[in-house]
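Coordinate inspection notes
The residues making up each chain are set out below.
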Amino acid sequence: MPALLAENVTAGYGRTPIITDISLSVEQGTVTTIIGPNGAGKSTFAKTVVGILRASTGRIMVGDLDITRMPGHQIPRHGLVYVPQNDNVFKNLTVRENLEVGGFAAKGNTDARMEEILSIFTDLNKAREKKAGFLSGGQQNLLAIARSLMVEPSVIVLDEPTAGLSPAYTDVVWNQIERIAASGTGVLVVEQNVERALKHAHFVHIFVAGSNHVHGLASEIVALDLAAIFLGRAEANRS
Ligand SMILES: Nc1ncnc2c1ncn2[C@@H]1O[C@H](COP(=O)(O)OP(=O)(O)OP(=O)(O)O)[C@@H](O)[C@H]1O
Ligand SMILES: [Mg+2]
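Attention in this report is confined to the structure presented alongside it. Source: prediction; values computed, not measured.

Conventions we followed
Residues numbered from 1 in each chain as written. Chains lettered and ligands numbered in written order. Predicted model: local features only at pLDDT ≥ 70, side-chain atom pairs only at ≥ 80, totals over all residues. Heavy atoms only, no water. Core = buried A, V, L, I, M, F, W, Y, C linked by side-chain atoms within 4.5 Å. Buried < 20%, exposed > 50% of the residue type's maximum accessible area, 1.4 Å probe, protein only. Helix = DSSP H or I, 4+ residues; strand = E, 2+ residues; numbered from the N terminus. Contact = heavy atoms within 4.5 Å. Near = heavy atom within 4 Å. Polar contact = N/O pair within 3.5 Å; in protein donor to acceptor, adjacent residues only side chain to side chain. Areas by Shrake-Rupley, 256 points an atom, 1.4 Å probe, with all protein chains shown as cover. Axes fitted to C-alpha atoms, helices over the stretch in contact; angles between N-to-C directions. Parallel < 35°, antiparallel > 145°, perpendicular 65-115°, else oblique. Nonpolar A, V, L, I, M, F, W, Y, C, P; charged D, E, K, R; others polar. Pairing = 2+ DSSP bridges. Salt bridge = Lys/Arg side-chain N within 4 Å of Asp/Glu carboxyl O.

Thoughts on the nonpolar core
Counting residues in hydrophobic clusters, the biggest one holds 45 residues, and the most contacted among them are Ile145, Ile156 and Val187. Tallying contributions element by element places helix α6 (residues 167-182) first for this core, with 6 residues. Dropping the residues within four chain positions of it, Ile156 is found in contact with Val81, Val83, Ile145, Ser148, Leu149, Ile180, Thr185, Gly186, Val187 and Leu188. Residues Phe45, Val50, Ala55 and Ile60 belong to the second largest nonpolar core, which totals 27 residues.

Structure follows, in structure tokens:
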């Protein structure tokens, strides 16, 4: 059973759908990336999966639990967490307080979990009493990821976790993402940087104009003419 399964999902902000009939699954312990041009619907899909937007058709499953109609705020406690691209930390709270907030939906003692997370995210450990607003952009992104891990999720959805970061810090963030997958969690990442998306993912979906007709193992996708696909000329690859 996949960690996350979306089946025939259609969604948008008003009457007109932005994403149409998207099916995608994320296996436990693997990284799946979504790439595609600006406005293709990548973030819209991420928001729909995590319950911020409602799917007008289709089904979303976390393991064997159907979350399609579940209110968004209840979803994290069932193992699905989301790290948005922007405004993903509470800037006036310290690192430790941000992690505490992340633990609200968790069961049991979260102190031990926080220490475990801080032992992995060493930069954050050094800054644990610092206000999040004083961290660098990369550290804030790491904090947002760390916070989402407080509930010991089975699936984590990240929207452009390395946008605007230096190459060196992008490496740091991707190392953590790979580590999260290695611990058994299913990871879904929206990634602008195609090279990174192919390098770090097991499976890749290409979104173009609200659809994901092209998808496959990273090793297969790397061989395609991505420029043509991004421009909506997917047939160019199927000669
Ligand atoms: N809050 C909103 N209300 C109405 N339309 C929106 C809203 N957010 C996004 N859209 C529209 O939905 C479409 C898809 O946007 P989305 O943000 O999902 O794309 P994306 O693939 O994540 O793009 P990017 O690579 O720029 O992040 C765009 O046409 C966008 O204008
Ligand atoms: Mg986006």
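That shown, we press on.
Observations regarding the site of ligand 1
Close contacts around ligand 1 come from Tyr13, Ile18, Pro37, Asn38, Gly39, Ala40, Gly41, Lys42, Ser43, Thr44, Glu160 and Gln192, and that covers them all. In the environment of ligand 1, an oxygen atom lies 2.8 Å from a nitrogen or oxygen atom belonging to the backbone of Gly39. The backbone of Gly41 places a nitrogen or oxygen atom 3.0 Å from an oxygen atom of ligand 1. Contact with the protein chains covers 57% of the free accessible surface of ligand 1, which is 640 Å².

As for the packing of helix α5 (residues 137-148) against α6
Relative orientation of the contacting elements α5 and α6 amounts to 10°, with a least axis distance of 10 Å. What the angle tells us is that α5 and α6 run roughly parallel. For the pair α5 and α6, the contacting residues are Gly138, Gln139, Leu142 and Ile145 in the first and Tyr169, Val172, Val173, Gln176 and Ile180 in the second. Partitioned by chemical class, the residues of the contact of α5 with α6 number 6 nonpolar, 3 polar and no charged.

Remarks on the pairing of strand β10 (residues 211-217)
The pairing of strand β9 (residues 203-208) with β10 spans 5 bridges and is antiparallel. Opposite Phe203, over in β10, you have Leu217 as the bridge partner. Hairpin connection between β9 and β10: a loop of 2 residues separates the two successive antiparallel strands, and Ala209 in this loop has a positive phi of roughly 50°.

What to know about the environment of Arg179
Tracing the chain through its elements places Arg179 in helix α6. Look at Arg179 and you get partly exposed, because its relative accessible area is 47%. For Arg179 and Ile120, which are 59 residues apart along the polypeptide, the C-alpha to C-alpha distance reads 9.5 Å.

A look at the environment of Phe90
By the element assignment, Phe90 lies in the loop between β6 (80-83) and α2 (95-102). Apart from the residues within four sequence positions on either side, Phe90 is in contact with Asn98, Val101, Ala132 and Arg147.

A short note on the sheet that holds strand β4 (residues 57-62)
Strand order in the open sheet formed by 4 strands is β2-β1-β4-β5, and the pairing between neighbours is antiparallel. The outermost strands of the open sheet, each flanked by one partner alone, are β2 (19-26) and β5 (65-66). Summarising the sheet, β4 and β5 pair through 2 bridges and their orientation is antiparallel. Bridging from a neighbouring strand, Met61 pairs with Asp66 of β5. Lying on the sheet, helix α1 (residues 42-49) is in contact with β1 (4-11), β2 and β4; it crosses β2 at an angle near 65°.

Here's the deal with the environment of Leu99
Its place among the elements puts Leu99 in helix α2. We classify Leu99 as buried; its relative accessible area is 0%. For Leu99 and Val89, which are 10 residues apart along the polypeptide, the C-alpha to C-alpha distance reads 9.6 Å. Setting aside residues no more than four positions away along its own chain, Leu99 makes contact with Met114, Leu118, Leu143, Ala146, Arg147 and Met150.

Let's talk about the pattern of salt bridges
The final tally for this structure, using the stated rule, is 6 salt bridges. Two residues, Glu116 and Arg113, come together in a salt bridge whose shortest N-O distance is 3.3 Å. Remark: Arg113 and Glu116 occur in helix α3 (residues 110-120); sequence separation between them is 3 residues, near one turn of the helix. By relative accessible area, Glu116 is classed as partly exposed at 41%. Under the relative-accessibility criterion, Arg113 is labelled buried at 13%. Between Glu115 and Arg128 there is a salt bridge, with its nearest N and O atoms 2.9 Å apart. Taken as a pair, Glu115 in helix α3 and Arg128 in the loop between α4 (122-126) and α5 lie far apart in primary sequence, 13 residues in all. A relative accessible area of 39% means that Glu115 is categorised as partly exposed.

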